[in-house]
Amino acid sequence: MECLRMRQTYSYIGDLVDFLINNEQRIKNLMLDYEIQTKVDTLQDGREVKSLMFTKQNINVRFLPNRIDYTYSFPNPSTDPKSVYAAVKEYFKLFSEIFPDVKGQRIAIVSQGFIKNNDNEAIKEFTSKMGFESAFGMSNELHFKINNPKTVFEPINSVLNIDMGEAKNNKTQEVMKVLLVSIDVNTLAANTVARFNPKSFDRDFKEIFAEVEVKHTQLAGY
């Protein structure tokens, strides 16, 4: 089954409150050619922290109290994901030169896409190959989630989530039935050591990226 990619998000997760409070203008200077939105939240200790969200064409970068997210929306599903990885790597290389001390406690890649499901064809194919049809009979509804935890440079979660939904063609306004696909590969929440520095992006993310691509390959084989 072909999974058409929609967007991919690379995240550093951790306590970024002080970073946001102390570096608002420096972050804005880094993102001068992006449109900006802000949101002020009051923390439990009474402090106020401003989240910063930047958008440029198909790129969105968010600086939140507990994470930094870089999201790339695919203008074309055939865009090489390796080129996206390279672009994100270059962004965080520049970021680390300006903010060398920022570290995350966790990292993650979330890849979102969809599988065309006209006349429930994708559901029929998926349930048949997974053995669900022979066990339970034909189905017209599917909600599926599985985590294949494994150890690469450290233990990670490798989650595949499939759900039902719709996709709209912005050019033709056509709405079609689809299976929504989310692949979420992340380091474990139990490890709270701040150890992921953006200057080591390639070392930290390459095996997580490889696992995302394994999941896409497995889907394509069905």
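Residues numbered from 1 in each chain as written. Predicted model: local features only at pLDDT ≥ 70, side-chain atom pairs only at ≥ 80, totals over all residues. Heavy atoms only, no water.

Caption draft 1: Just helix α4 (residues 121-129), in detail. Every buried residue of α4 is accounted for by Ala-122, Ile-123, Phe-126 and Thr-127. Down the axis of α4, the buried side of the element spans an arc of 120 degrees, and every buried residue falls inside it. Contact partners of the buried residues in α4: β6 (106-116), α5 (132-136), β7 (144-147), β9 (155-168) and β10 (175-187). Where α4 terminates, the next one or two residues include Gly-131, which has phi positive at roughly 85 degrees. (Buried < 20%, exposed > 50% of the residue type's maximum accessible area, 1.4 Å probe, protein only. Helix = DSSP H or I, 4+ residues; strand = E, 2+ residues; numbered from the N terminus. Arc of directions from axis to C-beta. Contact = heavy atoms within 4.5 Å.)

Caption draft 2: A look at the pairing of strand β3 (residues 48-56). In the sheet, strand β2 (residues 35-42) pairs with β3 via eight bridges, with the strands oriented antiparallel. In the strand pairing of β3, Thr-38 is matched with Leu-52. Two successive antiparallel strands, β2 and β3, enclose a turn made up of five residues, where Gly-46 displays a positive phi of approximately 95 degrees. Both β3 and strand β4 (residues 59-64) contribute to a ladder of five bridges, which runs antiparallel. Looking at the pairing, Phe-54 lines up with Val-61 of β4. (Pairing = 2+ DSSP bridges.)

Caption draft 3: Seen up close, the layout of surface pockets. Size it by volume and the largest pocket reaches roughly 470 Å³. Lining the largest pocket are 16 residues; nearest its centre among them are Phe-74, Pro-75, Lys-168, Asn-169 and Asn-170. Elements represented by at least two residues in the lining of the largest pocket include exactly β1 (4-13) and β9. For the lining of the largest pocket, the element with the most residues is β1, which contributes four residues. Here the lining of the largest pocket is composed, by residue class, of eight nonpolar, four polar and four charged. (1 Å grid on protein atoms, 1.4 Å probe; cavity = no way out; pocket = protein on both sides within 12 Å on 5 of 7 lines; lining within 4 Å. Points joined across faces, edges and corners; volume = space filled by probe spheres on them. Nonpolar A, V, L, I, M, F, W, Y, C, P; charged D, E, K, R; others polar.)

Caption draft 4: A look at the pairing of β9. Pairing between β7 and β9: four bridges, direction antiparallel. Bridging across to β9, Lys-145 finds its partner in Asn-161. With two bridges joining them, strand β8 (residues 150-151) and β9 adopt antiparallel strand pairing. What sits directly across from Lys-150, in β9, is Ile-156. Between β8 and β9, which pair antiparallel one after the other, the connecting turn spans three residues. Judged from the 13 bridges that link them, β9 and β10 form a sheet pairing that is antiparallel. Residue pairing across strands places Asn-157 opposite Asn-186, the latter belonging to β10. The hairpin turn running from β9 into β10, its antiparallel successor, is six residues long, and Gln-173 in that turn takes a positive phi close to 65 degrees.

Geometry only, nothing functional implied.
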